[in-house]
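Coordinates in review
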Amino acid sequence: MVRLPLSPEEVMRGKLLGEMLRRARGGQSMLDVALAAGISPETLRKIESGRVPTPSFSTVAMLAMALGLSLDTVWRTVQEGVGAGVPGDAVPVKRRAS
């Protein structure tokens, strides 16, 4: 099976997700958060560094639960950051008039 290359937006989304999870983890150890989410610390490290830009929904959901984040917050932060075109803190996305 051949995997298609990721779009720049998908890569940006992965980086934003990783940065948000790393900030949310704060002082908690990577091991503690990974075990609470049911994933390996190596997987968490790859997600936080953006090396796994498209983790499965269940992985994101378990990480959100382990970090006390709502999936709405995760989605909004990542989508708004991609809409702004810059990694880092999410900023409001400019919406087109319908």
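What this report covers is the structure whose coordinates are included nearby. (Residues numbered from 1 in each chain as written. Predicted model: local features only at pLDDT ≥ 70, side-chain atom pairs only at ≥ 80, totals over all residues. Heavy atoms only, no water.)

**Some thoughts on the packing of helix α1 (residues 8–25) against helix α3 (residues 41–49)**
Closest axis-to-axis distance for the α1/α3 pair is 6 Å, and the angle between their directions is 120 degrees. The angle between α1 and α3 places the two elements in the oblique class. Between α1 and α3, the residues in contact are G14, L17, G18, E19, L21, R22 and R25 and L44, I47, E48 and S49, respectively. Here the contact of α1 with α3 is composed, by residue class, of four nonpolar, three polar and four charged. (Axes fitted to C-alpha atoms, helices over the stretch in contact; angles between N-to-C directions. Helix = DSSP H or I, 4+ residues; strand = E, 2+ residues; numbered from the N terminus. Parallel < 35°, antiparallel > 145°, perpendicular 65-115°, else oblique. Contact = heavy atoms within 4.5 Å. Nonpolar A, V, L, I, M, F, W, Y, C, P; charged D, E, K, R; others polar.)

**Observations concerning the environment of A66**
Residue position: A66 is located in helix α4 (residues 57–67). What makes A66 partly exposed here is its relative accessible area of 25%. Here the alpha-carbon distance between A66 and L35, two residues 31 residues apart in the chain, equals 8.9 Å. When residues no more than four places from it in sequence are discounted, the contact partners of A66 are V33, A36 and A37. (Buried < 20%, exposed > 50% of the residue type's maximum accessible area, 1.4 Å probe, protein only.)

**Side note on the environment of A37**
Note on placement: A37 falls in helix α2 (residues 30–37). Residue classification places A37 among the buried positions, given a relative accessible area of 4%. Distance from A37 to A64, taken between C-alpha atoms, is 8.2 Å for residues 27 residues apart in sequence. With residues up to four places along the chain from it excluded, the contact list for A37 reads M62, L63 and A66.

**What about α3?**
The α-helix winds at 3.6 residues per turn, so residues separated by three or four positions along the chain end up facing the same way. Here α3 has its buried residues at L44, I47 and E48. One side of α3 holds all its buried residues, which, seen down the axis, span an arc of 95 degrees. Residues of α3 that are buried sit in contact with α1, α2 and α4. Taken from the residues just after α3, G50 is the one with a positive phi, measuring 85 degrees. (Arc of directions from axis to C-beta.)

Spatial relationships are all this shows, so hold off on functional conclusions.
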